[in-house]
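Listed below are the residues making up each chain.
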Amino acid sequence: MKNINFLAFAMPAFFLFLFLEYKLAQRRKRPEIFNYESSVSNISIGIAERLINLFIAASFYQLYYFIYDDYRLFEIPSNAFVWLALILATDFVWYWYHRLGHEVNFFWAAHIVHHHSEEFNFTAAARITTFQAIIRTGFWCILPFIGFHPSMVITMLIVHGAYSFFTHTQLIGKIKWLEYVFVTPSVHGVHHASDEKYLDKNYGDMFTFWDRLFGTFQTEEEKPKYGLTHPLKSYSFLWQHFHYYFEIYELWKRSSGFKARWKAIFGSPAHMDQDIRPVLEKRFLQDKSNPHQRLRFKNYLYIQLGICTFILTAFTYYFDYLESYDKIFVLSLVILTLINCGALLEQRKWIYYLEYTRLAMISTYFLYEEGLLVFFFVPIAIMIFVEQLFSLSTIYQNTILQLEPVE
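Residues numbered from 1 in each chain as written. Predicted model: local features only at pLDDT ≥ 70, side-chain atom pairs only at ≥ 80, totals over all residues. Heavy atoms only, no water.

(A) Expanded view of unusual backbone geometry. Phi angles above zero are rare outside glycine, and aspartate 200 is one such case at about 55°. For aspartate 200, the location among the structural elements is in the loop between α9 (185-191) and α10 (209-214). If you check the backbone angles, asparagine 202 has positive phi at about 55° while not being a glycine. Following the sequence through the fold, asparagine 202 ends up in the loop between α9 and α10. The class for asparagine 202 is buried, based on a relative accessible area of 1%. (Helix = DSSP H or I, 4+ residues; strand = E, 2+ residues; numbered from the N terminus. Buried < 20%, exposed > 50% of the residue type's maximum accessible area, 1.4 Å probe, protein only.)

Take a look at the structure:
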């Protein structure tokens with residue numbers, strides 16, 4: 001992929017705009033726009049999606065070319081009129097992909113992660129999962145099937161992604177005259193709201209006329225309350241990704257007969273049994289305790305997210321030049337670190353052993369690089385010895401897992 005190196009600058013650009021938004025929120029005395037735990041969670045999910053997509057994005061593009069070369073319906077040229085038509089077509093496809101993402105359980109399981117956040121800022125735009133990327137790729141395939149060239153489609157998807165990023169902020173108020181045509185942060189903020197009057201509204205990505213045409217448009221009236229109607233009680237990286245799949249499976253088990261089980265998978269999220277999530281949260285220990293306390297040693301989280309961002313940037317830039325084992329190592333290391341970040345937010349004591357796993361992974365990788373893998377047991381033995389000698393687990397828990405009251 002010739003253009004993949006340019007994607008390396010996406011994360012630095014993201015943090016630049018995030019920093020500007022944060023400083024502007026401070027200047028306007030709007031501290032409620034940012035929530036520490038939620039922002040960390042949002043960024044973690046965004047890093048994971050960017051990382052995993054490096055492995056599968058090429059397959060998406062190959063699929064577009066395969067459909068275009070062998071199955072396109074029309075031979076559509078490239079000119080100004082066609083580009084305009086493609087903008088409209090892309091947003092129309094997005095509207096129905098997005099709407100079905102809210103109306104079908106299986107699709108909602110991938111999309112719900114984007115709506116977990118109870119804050120609405122640029123970090124919320126990063127809450128995209130690879131599952132969601134795979135599903136919407138299926139919808140995008142309609143465009144090369146019609147006859148739009150894949151290079152045009154890919155360019156337009158980048159434009160759409162960039163536009164939607166800037167609609168995730170509270171620092172731009174209502175622009176009523178613009179909302180007659182374009183999606184603004186106010187319009188998209190309504191979509192992220194959990195207020196009953198705002199539910200299932202404003203699915204468009206760039207334009208509002210699809211929502212107006214199909215009866216799903218809602219202007220902002222009262223200040224929205226962001227997030228889910230039944231908020232998730234966890235910052236766990238894994239649980240946020242998979243909880244709704246567990247909920248679907250639990251509903252499927254409780255259902256009897258083909259029709260009921262079909263609805264469990266492809267029915268409406270509005271019909272999901274609301275007692276399922278609390279049961280699963282208790283079963284898998286995801287019910288957040290200490291809601292009025294938070295991690296004191298925040299710098300450790302910042303360091304980990306900073307390292308992950310740097311690794312992702314460099315990894316993206318050099319992706320085509322790396323060996324398979326390098327790629328697997330980086331993927332495993334970053335995902336493990338992101339799991340660690342979520343566990344830190346919830347003060348899970350078992351993360352101490354996750355730290356050892358990460359150290360063992362790093363030492364094994366470098367031993368393999370130097371052709372000394374036969375000595376892989378040496379760093380493990382050293383870690384066991386140091387643990388027994390200094391009781392590092394106690395020091396770790398008393399330092400890293402210190403809590404402080406939420407102001």
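That was the structure; now back to the text.
(B) Here's a closer look at the packing of aromatic side chains. Tallied over the entire structure, the rule returns 46 aromatic pairs. Pairing phenylalanine 92 with phenylalanine 214 gives two aromatic rings, centres 6.4 Å apart and planes at 45°, and the pair type is tilted. In this pair, phenylalanine 92 is assigned in helix α3 (residues 80-103) and phenylalanine 214 in helix α10, connecting sequence segments 122 residues apart. Between the aromatic rings of tyrosine 95 and tryptophan 96, the centroid separation amounts to 5.1 Å while the plane-to-plane angle is 85°, which identifies the pairing as edge-to-face. With relative accessibility at 0%, the residue tyrosine 95 sits in the buried group. Members of the aromatic cluster, each reached through a chain of ring pairs, are Phe92, Tyr95, Trp96, Phe182, Tyr203, Phe207, Phe209, Trp210 and Phe214. The lysine or arginine in question, arginine 212, covers the ring of phenylalanine 217, its NZ or CZ lying 3.9 Å from the ring centre. In this structure, lysine 327 is placed above the aromatic ring of phenylalanine 319, and the distance from its NZ or CZ to the ring centre is 4.1 Å. (Phe/Tyr/Trp six-rings, centres within 6.5 Å; stacked < 30°, edge-to-face > 60°. Lys NZ or Arg CZ within 6 Å of the ring centre and 35° of its normal.)

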